[in-house]
Amino acid sequence: MAIERTLSIIKPDAVRRNLTGAIVARFESGGLRVAAQKRMRLSLAQAQAFYAVHAARPFFSSLCTFMSSGPVVVQVLEGENAVLRNREIMGATDPAKAAPGTIRKDFAESIEANSVHGSDAADTAAKEISFFFSELEIVG
Ligand code: ADP
Ligand code: MG
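Everything quoted here is computed from the prediction, not taken from an experiment.

A. Highlighting the side chain of N114. Within the secondary structure, N114 sits in the loop between α6 (103-107) and β4 (116-118). Residue classification places N114 among the buried residues on the basis of a relative accessible area of 1%. A polar side-chain atom of N114 sits 2.7 Å from a polar atom in the side chain of K11. Once residues lying within four places of it in the same chain are set aside, the contact partners of N114 are K11, D13, T93, R104 and A108.

Okay, here's the thing in structure tokens:
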């Protein structure tokens with residue numbers, strides 16, 4: 001299996017509730033390694049740029065306001081099939097549909113405030129990682 005990297009964000013709802021350690025523990029026990037990590041507060045413009053692919057969706061404005069409403073933890077996760085593995089550990093976008101034992105099932109507040117972001121494919125992972133990190137900041 002291929003060692004991959006993926007971009008993960010612990011969203012403002014989870015940081016606000018002091019859940020960053022509990023969430024990182026899910027990734028680590030699920031076989032992924034934190035290869036880069038920083039706490040930051042996104043401006044509205046940065047959130048809009050990051051989620052530009054969703055600009056036409058009805059929830060875009062609310063999503064960007066939410067993502068810039070408080071600190072986030074942005075991280076690179078590394079491991080075997082990291083993109084898919086991260087999505088499995090996160091669970092479905094809508095916590096009501098997320099499988100038992102997933103982060104979103106256990107921690108999400110709503111379909112919007114769903115505690116974590118994860119890249120959805122290898123090419124988007126590469127783009128999203130370079131949005132936040134330089135190669136020098138990533139140590140697997
Ligand atoms: P995922 O984060 O699972 O990849 P999407 O890429 O489809 O999901 O959506 C990006 C983010 O937009 C979601 O994580 C969630 O925060 C928000 N979102 C998605 N669908 C909705 C919706 N129907 N209503 C409100 N917010 C949504
Ligand atoms: Mg997505």
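B. The arrangement of helix α7 (residues 122-132) in detail. When we look at burial in α7, the residues that qualify are A125, E128, I129 and F132. The arc enclosing the buried residues of α7, seen along the axis, measures out at 105°, which places them on a common side. Exposed side of α7, more than 90 degrees from the buried face: K127 and S130 are the residues found there. Buried residues belonging to α7 abut β1 (3-10), β2 (33-40), α3 (44-50), β3 (72-80), α5 (82-90) and β4.

C. Here's a closer look at the pattern of salt bridges. Scanning the model with the defined rule gives six salt bridges in all. Salt-bridge contacts for D13 lead to R17; the nearest nitrogen and oxygen are separated by 2.6 Å. By relative accessible area, which is 1% here, D13 ends up buried. Between E88 and R85 there is a salt bridge, with the nearest N and O atoms lying 2.8 Å from each other. Within this pair, E88 and its partner R85 are both found in helix α5, separated by three residues, close to a single helical turn. A residue is classified by how much of its surface remains accessible, and E88, at 43% relative accessible area, is partly exposed. A network of salt bridges, in which partner residues are shared, links R5, E78 and E135.

D. Representation of the site of ligand 1 in the model. As a matter of local geometry, ligand 1 sits amid K11, H54, F59, L63, R87, T93, R104, I111, E112 and N114. Within the side chain of T93, one N or O atom sits 2.5 Å away from an oxygen atom of ligand 1. Coverage of ligand 1 by the protein amounts to 79% of the 530 Å² it exposes when considered alone. Looking at the shell around ligand 1 residue by residue, the class counts come to three nonpolar, three polar and four charged.

E. Structural detail: unusual backbone geometry. Although it is not a glycine, N81 sits at a positive phi angle of roughly 45°. Positioned with a positive phi, S115 is a non-glycine residue whose angle comes to about 70°. Tracing the backbone shows S115 in the loop between α6 and β4. By relative accessible area, which is 0% here, S115 ends up buried.

Basis of the calculations
- All residue numbers refer to position in the chain's written sequence, counted from 1.
- Each chain is given a letter, starting from A, and each ligand a number, starting from 1, according to the order in which they appear as written.
- Residues qualify for local features only when their pLDDT is at least 70, as the model is predicted, and side-chain atom pairs are given and counted only at 80 or more; totals for whole chains, interfaces and linings, by contrast, use all residues.
- Working from all heavy atoms in the structure, the side-chain values ignore hydrogens and water.
- In DSSP terms, a helix is any run of H or I states spanning at least four residues, a strand is any run of E spanning at least two, and both are numbered starting from the N terminus.
- A simple rule labels every residue: compare its accessible area, found with a 1.4 Å probe on the protein chains alone, to the largest value its type can have, and call it buried under 20%, exposed over 50%, or partly exposed in between.
- Distance and chemistry together define a polar contact, namely a pair of N or O atoms within 3.5 Å, with one atom able to donate a hydrogen and the other to accept it when in protein, and with adjacent residues in sequence counting only for side-chain atoms on both sides.
- Throughout, a residue-residue contact means that at least one pair of heavy atoms, one from each residue, lies within 4.5 Å.
- What the arc describes is the spread of directions from the helix axis to the C-beta atoms.
- What counts as a salt bridge is simple: a side-chain nitrogen of Lys or Arg found within 4 Å of a carboxyl oxygen of Asp or Glu.
- For this description, a residue counts as near a given molecule or strand if any of its non-hydrogen atoms is within 4 Å of it.
- Per-residue accessibility takes into account occlusion by the displayed protein chains alone, with areas from the Shrake-Rupley method and a 1.4 Å probe.
- Charged means Asp, Glu, Lys or Arg here, nonpolar means Ala, Val, Leu, Ile, Met, Phe, Trp, Tyr, Cys or Pro, and polar covers whatever is left, Gly included.

That's the geometry; what it means functionally is another story.
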